[in-house]
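Residue-level listing of the chains:
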Amino acid sequence: MKPLENRTVVITGALGGLGRTVCAVAESQGARVIRLDIARDESLPDCHAVDLTNADATRELIQSLGPFDSLVNLAGGFAMGTESWDSSDEQWDLMFSLNVSTMRNAIKAAVPVLLQQPSGSIVNVGAYGAREGQGLMGAYCASKSVVMRLTETLAEELKSKGVNVNAVLPTVIDTQANRAAMPDSDPADWVSPDDLASVICFLLSPAAKAVHGALVPVRGLS
């Protein structure tokens, strides 16, 4: 039996560089994957367009999907900033909208569905670098810190109800966008999307049912 056989997994940010890989790995492990993103790819099964920053739209879509076992919150974003004392409100709003609001809206819609199942799981994406402050990354680090604290809080709230909640903390992920943005870096040191997807899928599997509130570093060679 495959690790995710007979399980339905909802994945946000499913059409991004990491999202497509996580979807593929989850399907290879037997899962039915429901893809959510800002746009819809009609060539892919179970693919839905939704603005995850819109709480009402997110709730309406997720609660229309029927039963599912797991939620993976991949939707998010990164932007370098200026000094934290001189950064714009727009930059802070953007990082919190992409990294916090998308996750909160999905969780608020999904948890009532998960609580109707015998068991469930949620995996969020924090950031290894946001375990502490980083220069010129105040808004990003603050938003990802919120992701990590919410992961721990949700785990405490839901572990006795059969839902385990965890997060992965990657360093730089080897995507086309990151290669283009950092052409002088060696991507061999970065995190392979396949490796990160494997960790995420483990946390979705029954084998991880006793893991609650873990913030799992996924560092590659960095």
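Residues numbered from 1 in each chain as written. Predicted model: local features only at pLDDT ≥ 70, side-chain atom pairs only at ≥ 80, totals over all residues. Heavy atoms only, no water.

Undergrad: Which parts of the structure should I look at to understand the environment of A197?
TA: Assignment of secondary structure puts A197 in helix 6 (residues 193-204). In the structure, A197 is positioned 178 residues away from G19 in sequence and 8.6 Å away in space, judged by C-alpha atoms. Not counting the four nearest positions on each side in its chain, A197 is found in contact with T21, V22 and V25. (Helix = DSSP H or I, 4+ residues; strand = E, 2+ residues; numbered from the N terminus. Contact = heavy atoms within 4.5 Å.)

Undergrad: Help me out: how do you make sense of the pairing of strand 1 (residues 8-12) in this one?
TA: When a strand is regular, its side chains alternate between the sheet's two faces. The buried fraction of strand 1 is high, at 5 of 5 residues. Of the two faces of strand 1, the one holding T8, V10 and T12 and the one holding V9 and I11 are both buried throughout. As defined by bridge partners, strand 1 adjoins strand 2 (residues 32-37) across 5 bridges and the pair is classed as parallel. Across the sheet, the residue bridging to T8 is R32, located in strand 2. Regarding topology, helix 1 (residues 17-28) serves as the crossover connection from strand 1 to the parallel strand 2, and that connection is right-handed. As judged from the 4 bridges shared by strand 1 and strand 4 (residues 70-73), these two strands associate in the parallel manner. Residue pairing for strand 4: V9 is matched across the bridge by S70. (Buried < 20%, exposed > 50% of the residue type's maximum accessible area, 1.4 Å probe, protein only. Pairing = 2+ DSSP bridges. Right-handed = clockwise from strand over helix to strand, strands pointing away.)

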